[in-house]
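# Results of the structural survey
Each chain is listed here by its residues.
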Amino acid sequence: MRTAKDFFAPLAVGAPAPLREIPARPSRAIHFFDPGNEKMAAKVPAMVGTVDVLLGNLEDAVKAENKEKSRLGLVKIGQEVDFGPTQFWTRINSLDSPWVLDDLTTLVPAIGDKLDVIMVPKVQGAEDIHYIDRLLAQLEAKAGITKPIQVHAILETARGVANIEEICAASPRMQGLSLGPADLAADRRMKTTRVGGGHPGYLVRQDPTDGDIEGLRTTYQQDLWHYTIARMVDACAMHGIYPYYGPFGDIKDVVACEDQFRNAFLLGCVGAWSLHPVQIKIANKVFSPSVEDVKHARRVIAAMGDGTGAVMLDGKMEDDASVKQCKVMVALADELAAIDPDLKAAYDAITLD
Ligand SMILES: CC(=O)SCCNC(=O)CCNC(=O)[C@H](O)C(C)(C)COP(=O)(O)OP(=O)(O)OC[C@H]1O[C@@H](n2cnc3c(N)ncnc32)[C@H](O)[C@@H]1OP(=O)(O)O
Ligand SMILES: O=CC(=O)O
Ligand SMILES: [Mg+2]
């Protein structure tokens, strides 16, 4: 176990000092692209500024024979593109794969000064983060990188879920967690074959009453991912890092995608993955507080004065706790307004009546 005094010490001589606090940078959509796919790669420069995070994916969805092509494609993009306000992330191959060492030893020297976050798939426990942490420090020191690269873990194994707190606490590099519903479903032996989202068979049915016709008893579809997302949100909040919903594979079902993203937003996630350009707009909308919510939050804050006591507003009680909820909403709106001119205009136009 690393002691408190060692926790923020660099893990290699010459590596940059770890961050003491993970910055709250907007990351409503983490947009995945395959850097080895010429069509997708060509679109990346024009996507800068339209999405909060651009992530070059090297893991699943990249064929084994294309791993090297994608890795080299990512280096080229990292060297040539000016990412401006958009974060630049990558998802490396999993730690038990034959490709991950080449991913890290190629990417860090070549574009380590551009990469904000490395997403690590199939993280099982703190030992996986410790391995990455030390290796990154060695590579950063060798390459003379001055800003520590942050680490994001995908929660997609039963062991990873069981070890969630130790994963979050394993390194000051830890930036956040994403839910990986496809791999997690396989690892848990769940019986859904979908990439995220709900399932019509996972439901509760209204109780029978005398005289009911069986087919008319109402059913309510339930959320397969509620438990894991809630665990993830608590673990991340406890450690000052950020939780994200992961992929929604039914690209054509934009309505259900929006619902899944909104559930995650309401539970405390800061963003979700986008697998196709159409999902960027959905994430940007859902993970930005609505004008109505911001207006309400500002009214409560104004009505609460020094933030203590209780007041009635529109027939509802507001007090020390609800004003804190409102401050969460306003803080997020302010962060997003700083990078999104349309949102800024919408929030600036709010008048408190
Ligand atoms: C479980 C997990 O691990 S999820 C994470 C791993 N999976 C991924 O990263 C998948 C990423 N996305 C994709 O590979 C693709 O979007 C697919 C395969 C789902 C669909 O691709 P297509 O069938 O080409 O979609 P579609 O025909 O609608 O594409 C329209 C245009 O958008 C482009 N496009 C599609 N997806 C992306 C993307 N993620 N980024 C940038 N451009 C994209 C296509 O190249 C196409 O360009 P064109 O108009 O110049 O021909
Ligand atoms: O990597 C993502 C997943 O759902 O698996
Ligand atoms: Mg996965």
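Before reading on, note that the structure itself is shown above.
Counting of residues starts from 1 at the beginning of each chain's written sequence and follows it residue by residue. Following the order in which they are written, the chains are lettered starting with A and the ligands numbered starting with 1. In keeping with the predicted nature of the model, local features appear solely for residues at pLDDT of at least 70, side-chain atom pairs appear and are counted solely at 80 or more, and the whole-chain, interface and lining totals rest on all residues. Side-chain measures were taken over the full set of non-hydrogen atoms in the model, leaving aside hydrogen atoms and water.

### Structural notes on the overall build of the chain
Helices and strands together make up the secondary structure of the chain, namely 14 helices and twelve strands. The globule rule used for comparison is 2.2 Å times the number of residues to the exponent 0.38, while the radius of gyration itself is calculated over C-alpha atoms. The C-alpha radius of gyration of the chain comes to 22 Å, within 12% of the 20 Å expected for a compact globule of 353 residues. Dimensions of the chain along its principal axes, counting C-alpha atoms only, are 65 × 55 × 45 Å. A 1.4 Å probe rolled over the protein chains alone gives each residue an accessible area, and that area as a share of the maximum for its type sets the label: buried under 20%, exposed over 50%, partly exposed in between. Counting only residues that meet the buried cut, the chain has 47% of its 353 residues in that class. With the model as given, the accessible surface of the chain reaches about 17300 Å², and the carbon-plus-sulfur share is 56%. For the chain, the distance from the average site of its 38 positive side-chain charges to the average site of its 48 negative ones is 3 Å. Helix and strand definitions follow DSSP, with helices as H or I runs of at least four residues and strands as E runs of at least two, each counted in order from the N terminus. Accessible areas in this description were obtained via Shrake-Rupley with a 1.4 Å probe; residue shielding takes into account the shown protein chains only. His residues and chain termini do not enter the charge count, which takes Lys and Arg as positive and Asp and Glu as negative. Working definition for charges: the position is that of NZ of Lys, CZ of Arg, CG of Asp or CD of Glu.

### Topic: the coordination of the magnesium ion (ligand 3)
Within the protein, the atoms that donate to the magnesium ion (ligand 3) are Glu156 (OE) and Asp183 (OD), at distances of 2.0 to 2.1 Å. Residue Glu156 is located in the loop between strand S5 (150-155) and helix H6 (158-162), and its partner Asp183 is located in helix H8 (residues 181-188); the two are separated by 27 residues in the primary sequence. Residue Asp183 is classed as partly exposed on the basis of its relative accessible area of 24%. For Na, K and Ca the donor cut-off is 3.2 Å, while for other metals it is 2.8 Å, and in both cases only N, O and S atoms qualify; water is not among them, so sites may look incomplete.

### Observations concerning helix H5 (residues 126-143)
With 18 residues, H5 should cover 26 Å at 1.5 Å per step; its first-to-last C-alpha distance of 26 Å lies within 8% of that length. For H5, the full list of buried residues reads Ala126, Asp128, Ile129, Ile132, Asp133, Leu135, Leu136, Ala137, Leu139 and Glu140. Positioned one or two residues after H5, Gly144 has a phi angle of 70°, which is positive. By definition here, a helix of n residues has an expected span of 1.5 Å times n minus one.

### With respect to the packing of aromatic side chains
Only Phe, Tyr and Trp rings are paired, with Trp represented by its six-membered ring, and only when their centres lie within 6.5 Å; those with planes under 30 degrees apart are stacked, over 60 edge-to-face, the remainder tilted. Using the criterion set out here, one finds seven aromatic pairs in the structure. Considering the side-chain rings of Phe83 and Phe88, the 4.2 Å spacing of their centres and the 15° angle between planes classify their relative orientation as stacked. For the pair formed by Phe83 and Phe88, the shared burial category is buried. Between Phe265 and Phe287 the ring centres are 5.8 Å apart and the planes differ by 90°, which places this aromatic pair in the edge-to-face class. Separated by 22 residues along the polypeptide, Phe265 in helix H10 (residues 254-267) and Phe287 in the loop between helix H11 (277-286) and helix H12 (291-303) bring together distant segments of the chain. The exposure class assigned to Phe287 is buried, which follows from its relative accessible area of 1%. Joined through ring pairs, the aromatic side chains of Tyr245, Phe261, Phe265 and Phe287 make up one cluster. Above the plane of the ring of Trp99 lies Lys67, whose end atom (NZ or CZ) is 4.8 Å from the centre. Any Lys NZ or Arg CZ that is within 6 Å of a ring centre and within 35 degrees of that ring's normal is treated as a charge sitting over the ring.

### Re the layout of surface pockets
In the cavity and pocket records, a cavity denotes points on a 1 Å grid over the protein atoms alone where a 1.4 Å probe fits but cannot get out, a pocket denotes an open set with protein on both sides within 12 Å along at least 5 of 7 lines, and lining residues are residues with an atom within 4 Å of a point. Grid points are joined across faces, edges and corners, and a volume is the space filled by probe spheres set on the points. Its volume calculated, the largest pocket comes out at about 930 Å³. If you trace the largest pocket, you find 41 residues lining it, with Phe265, Cys269, Val270, Val328 and Leu332 closest to the centre. Going through the elements one at a time, strand S9 (242-244), H10, H11, H12 and helix H13 (320-337) are the ones with two or more residues in the lining of the largest pocket. Ranked by the residues each element gives to the lining of the largest pocket, the list is headed by H13, at nine residues. Just so you know the grouping, Ala, Val, Leu, Ile, Met, Phe, Trp, Tyr, Cys and Pro go in nonpolar, Asp, Glu, Lys and Arg go in charged, and all remaining residues, Gly too, go in polar. For the lining of the largest pocket, a count of residues per class yields 23 nonpolar, ten polar and eight charged. Reported here for the second largest pocket is a volume of approximately 500 Å³. Sorting the residues of the lining of the second largest pocket by element identifies strand S1 (29-33), helix H2 (38-47) and H8 as the ones contributing at least two each. Broken down by class, the residue content of the lining of the second largest pocket amounts to 13 nonpolar, four polar and seven charged.

### Notes on the site of ligand 1
The near set for a molecule or strand comprises every residue that places at least one heavy atom within 4 Å of it. In the region of ligand 1, 16 residues are neighbours, and His31, Phe32, Lys43, Leu275 and His276 sit closest. Throughout this description, a polar contact denotes any pair of N or O atoms lying within 3.5 Å of each other; where both atoms belong to protein, one of them has to be capable of donating a hydrogen while the other can accept it, and for residues adjacent in sequence the pair is counted only when both atoms sit in side chains. Within the side chain of Lys39, one N or O atom sits 2.8 Å away from an oxygen atom of ligand 1. Within the side chain of Arg91, an N or O atom sits 3.1 Å from an oxygen atom of ligand 1. About the coverage of ligand 1: the protein hides 62% of its 960 Å² of free accessible area. Cavities and pockets are treated as containing a molecule whenever more than half of the molecule's atoms lie within 2 Å of their grid points. Here ligand 1 occupies the second largest pocket. Each residue belonging to the shell around ligand 1 can be placed in one class, and the counts come to nine nonpolar, three polar and four charged.

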